[in-house]
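Chain by chain, the residues run as shown.
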Amino acid sequence: MKSSKDNPANTLDYSHLSHDQLLAILSDRDEQIEAAQEDIASANSIINAHQTSLRNKDVIIELLEEKLRLARARNFAASSEKLPFQVELFDEAEVEVTLSELEAQLAEEDAQSDKPKNKKRQRGFSGDLPRKRIELCLSEEEKSGAVKTFFSKVKEELEYIPAQLNVLEYWQEKAVFINDDASETLVAAKRPIHPLNKCFAHVSLLAYLIVSKYADGLPLYRLEGILKRYGNSVDRTNMANWIVRLESQFKPLIDLMRGTQNTSHYINADETRIQVLKEDGKTAQSNKWMWVTCGGPPNKPSVLFEYDPSRSGAVPERLLEDFRGILQADGYSGYGQICEANQIQRIGCWDHARRKFVDAIKAVDSKKKGKASKADVAVSKIRKLYRIEAQIKALKEEERYLIRQEHSVPILTEFKEWLEKNLTKVMKGSKTRQAMEYTLNQWDYLAAYCDHGFLEISNTKAENAIRPFAVGRRAWLFADTSHGARASATCYSLVETAKANGLEPYAYIKHLLENIGEADSVEQLEALLPWHVSI
């Protein structure tokens with residue numbers, strides 16, 4: 001086979017070209033090569049851009065799938081934060097030994113102390129309930145010839161007496177006196193002062209409406225139906241107007257509670273959304289807010305709600321204006337202004353941090369749920385802190401502080417190091433990454449509960465206080481006006497503060513309504529505060 005060298009047809013002959021022509025040909029070839037290289041570079045750039053775009057789309061798809069899994073879990077899965085995969089394998093042996101030793105130490109101290117042992121659970125019904133004796137007697141024929149008879153208690157039953165409506169008729173006695181000038185003077189018996197003046201609802205009915213709606217979560221339209229079954233229909237519009245009008249009567253009492261609460265050294269705060277249909281400057285669909293603060297001096301606890309259409313820092317500035325203690329809240333930045341202005345120490349809530357990791361676990365792809373994720377590891381580490389708190393819950397403040405310093409602080413230190421080490425290993429924007437970033441950003445606040453023995457690891461008090469509002473909101477959905485929202489805040493404050501002081505809400509609200517009309521001085525109002533009332 002002949003090579004191209006032997007075939008003149010395949011050989012380019014440049015011998016007849018001049019030097020300049022050769023240079024021109026070479027220049028053209030260089031330009032062609034350079035153009036080809038540019039085309040290749042442009043193609044590579046386009047390919048790289050497409051690959052980057054595909055990778056970005058893969059990340060977006062993964063994040064969206066994560067959000068979808070979390071949404072499905074929230075809508076259809078169990079709402080409990082207890083997870084089926086509680087990673088016991090991450091409870092390091094030395095930590096478990098430490099906790100076991102702590103449990104044994106506390107048990108030994110309890111055995112050596114003079115503390116009364118926990119009483120066995122009481123069987124039967126409360127001793128505070130009225131009792132009726134029902135005697136089941138033998139007939140005369142059955143006991144004929146017996147030496148003696150006696151009764152023995154064989155059973156207890158809980159009886160329910162349905163409510164009923166009564167009409168109270170007030171007949172006022174009047175006396176006529178003849179004066180010296182033969183004129184007449186009329187003297188009438190004193191009428192009881194009604195908190196709403198002209199109102200056909202007795203204070204007992206008003207108390208029932210308030211407790212039914214704000215303690216039991218019954219909307220007014222259901223109460224309308226209930227009263228109709230009892231024999232007399234009461235329009236829900238009247239009920240709503242009564243509750244709104246009572247807000248102004250209760251406000252001085254709420255102000256006294258607020259002033260007392262702000263003298264304490266520790267307050268829990270939280271806020272939640274409320275829909276108010278008619279609010280100046282805002283649409284019906286926009287978010288408005290119900291704020292709650294819990295605290296107070298020893299033996300004077302209060303739970304106070306406050307409605308405000310805004311979530312700005314001006315609201316906690318107003319509510320906590322005179323407070324100088326320690327504030328526990330979630331990571332919302334609105335509390336920062338008042339903390340800085342009043343030199344208030346702020347601590348965080350581990351429930352919020354843990355909840356973010358729990359959401360991350362729920363959002364994990366089902367194909368990966370057999371493996372422990374970083375969110376699982378984080379929840380396991382947080383769980384150790386809660387175990388310690390459960391063991392020391394009943395101890396004195398000084399003992400709790402010492403145990404936290406000895407056992408909780410090392411766990412916190414190790415956890416923070418783990419977060420910093422693993423943060424960059426997790427995809428940006430993912431639920432796990434967000435949880436890790438939140439925890440690190442809030443770290444100083446979250447770890448501060450160890451600085452004192454009286455502080456709590458989480459903001460449970462405020463969250464538990466706001467839960468009845470959230471439950472009721474599912475039933476009545478929204479408030480019509482800002483006046484109604486403020487009235488609701490006042491009623492929730494009275495109900496929850498009564499419960500915090502060990503008072504039955506209906507009895508306390510009824511006591512207030514019976515006496516607040518005549519309370520025209522600060523001393524008389526203070527006597528109506530729940531820690532001054534014994535019912």
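Along every chain, residues carry numbers that run from 1 in the direction the sequence is written. Predicted model: local features are reported for residues with pLDDT of at least 70 only, side-chain atom pairs are reported and counted for 80 or more only, and whole-chain, interface and lining totals are derived from all residues. Where side-chain values are given, they derive from all heavy atoms of the structure, hydrogens and water being excluded.

Asker: Let's hear about the sheet that holds strand β7 (residues 326–328): which residues, and what values?
Answerer: If you trace the five strands from one edge of the open sheet to the other, you get β6-β5-β3-β7-β8, paired in mixed fashion. Two strands in the sheet have a free side with no partner beyond their single neighbour: β6 (302–308) and β8 (345–347). Neighbour to neighbour, the strand axes of the sheet diverge by 25° on average, direction disregarded. Alignment of strand β3 (residues 266–274) against β7, held across three bridges, turns out to be parallel. Two strands form a pair only when DSSP identifies at least two bridges running between them. The secondary structure listing takes helices from DSSP runs of H or I that are at least 4 residues long and strands from runs of E that are at least 2 residues long, numbered from the N terminus. Angles here are taken between N-to-C directions and fall from 0 to 180 degrees, while the axes themselves are lines fitted to C-alpha atoms, restricted in helices to the stretch in contact.

Asker: Residue-level account of the environment of D181, with values.
Answerer: When you line up the elements, D181 lands in the loop between β1 (174–178) and β2 (184–188). Think of it in three bands: with a 1.4 Å probe and only protein chains considered, a residue is buried below 20% of the maximum accessible area for its type, exposed above 50%, and partly exposed in between. Judged by its relative accessible area of 58%, D181 falls in the exposed class. There is a polar contact of 2.6 Å between the side chain of D181 and the side chain of S183. We call two N or O atoms a polar contact when they sit within 3.5 Å, provided that within protein one can donate a hydrogen and the other can accept it, with sequence-adjacent residues counted only if both atoms are side-chain atoms.

Asker: Can you explain the layout of surface pockets? Please cite residues and give values.
Answerer: In the cavity and pocket records, a cavity denotes points on a 1 Å grid over the protein atoms alone where a 1.4 Å probe fits but cannot get out, a pocket denotes an open set with protein on both sides within 12 Å along at least 5 of 7 lines, and lining residues are residues with an atom within 4 Å of a point. Grid points are joined across faces, edges and corners, and a volume is the space filled by probe spheres set on the points. Taken as a whole, the second largest pocket encloses approximately 1,400 Å³ of empty space. Residue lining of the second largest pocket: 39 residues in total, with L168, A201, H202, V203 and S204 positioned closest to the centre. Breaking the lining of the second largest pocket down by element, the ones donating at least two residues are α3 (203–214), α4 (220–230) and α15 (505–515). The greatest single-element share of the lining of the second largest pocket, amounting to six residues, is contributed by α3.

Asker: Just give me the short version of the packing of α3 against α15, but keep the residues and values in it.
Answerer: Look at α3 against α15: their axes get within 9 Å of each other, and the N-to-C directions meet at 135°. In terms of axis orientation, α3 runs oblique to α15. In this structure, α3 crosses over α15, and the sense of that crossing is right-handed. Contact residues: V203, S204, L206, A207, Y208, I210 and V211 in α3; P505, Y506, I509, K510, L513 and E514 in α15. Gly counts as polar in this scheme, as do all residues outside two lists: the nonpolar Ala, Val, Leu, Ile, Met, Phe, Trp, Tyr, Cys and Pro, and the charged Asp, Glu, Lys and Arg. Of the residues contributing to the contact of α3 with α15, the split by class is ten nonpolar, one polar and two charged. Each angle gets one of four labels, with under 35 degrees taken as roughly parallel, over 145 as roughly antiparallel, 65 to 115 as roughly perpendicular, and the rest as oblique. With the far helix as reference, a near helix turned anticlockwise by less than a right angle produces a left-handed crossing, and one turned clockwise produces a right-handed crossing. What makes two residues a contact is simply this: any of their non-hydrogen atoms within 4.5 Å.

Asker: Which residues make up helix α11 (residues 431–441), and what values do they have?
Answerer: Burial within α11 is extensive, with eight of its eleven residues counted as buried. Buried within α11 we find K431, T432, R433, A435, M436, Y438, T439 and L440.

Asker: Requested: an account of the pairing of β3, with residues and values cited.
Answerer: Among the nine residues that make up β3, eight are buried, leaving the element largely enclosed by the rest of the structure. The pairing of β3 with strand β5 (residues 288–295) spans eight bridges and is classified as antiparallel. Among the inter-strand pairings, N268 is bridged to a residue of β5, identified as C294.

Asker: Break down the pairing of β5 for me, citing the residues and quoting the values.
Answerer: A regular strand carries its side chains on alternate faces of the sheet. Judged by how many residues are buried, β5 sits mostly within the fold: eight of eight residues are covered. Across the two faces of β5 the burial is the same, with K288, M290, V292 and C294 and W289, W291, T293 and G295 all buried. By the bridge criterion, seven bridges tie β5 to β6 in an arrangement that is antiparallel. Looking at β6, one finds that V292 is bridged to F305. Connecting β5 to the next strand, β6, in antiparallel fashion are six residues, including G296 with a positive phi near 130°.

Asker: Describe the packing of aromatic side chains, and please don't skip the residues or the numbers.
Answerer: Each Phe, Tyr or Trp ring, with Trp reduced to its six-membered ring, pairs with another whose centre is within 6.5 Å; inter-plane angles below 30 degrees give stacked pairs, above 60 give edge-to-face pairs, and intermediate values give tilted ones. Under the defined criterion, the tally for this structure stands at eleven aromatic pairs. Considering the side-chain rings of F305 and Y492, the 5.4 Å spacing of their centres and the 35° angle between planes classify their relative orientation as tilted. A residue pair is termed long-range when its members are at least 10 positions apart, and F305 in strand β6 and Y492 in helix α14 (residues 482–500) qualify at 187 residues. Each member of the pair, F305 as well as Y492, is classed as buried. Seen from their ring centres, F415 and W443 are 5.9 Å apart, and the 70° between their planes marks the pair as edge-to-face. Placement of F415 in helix α10 (residues 397–422) and of W443 in helix α12 (residues 443–447) is noted, with a sequence separation of 28 residues between them. Exposure class is identical for F415 and W443. Each is buried. Members of the aromatic cluster, joined through ring pairs, are W350, F415, W418 and W443.

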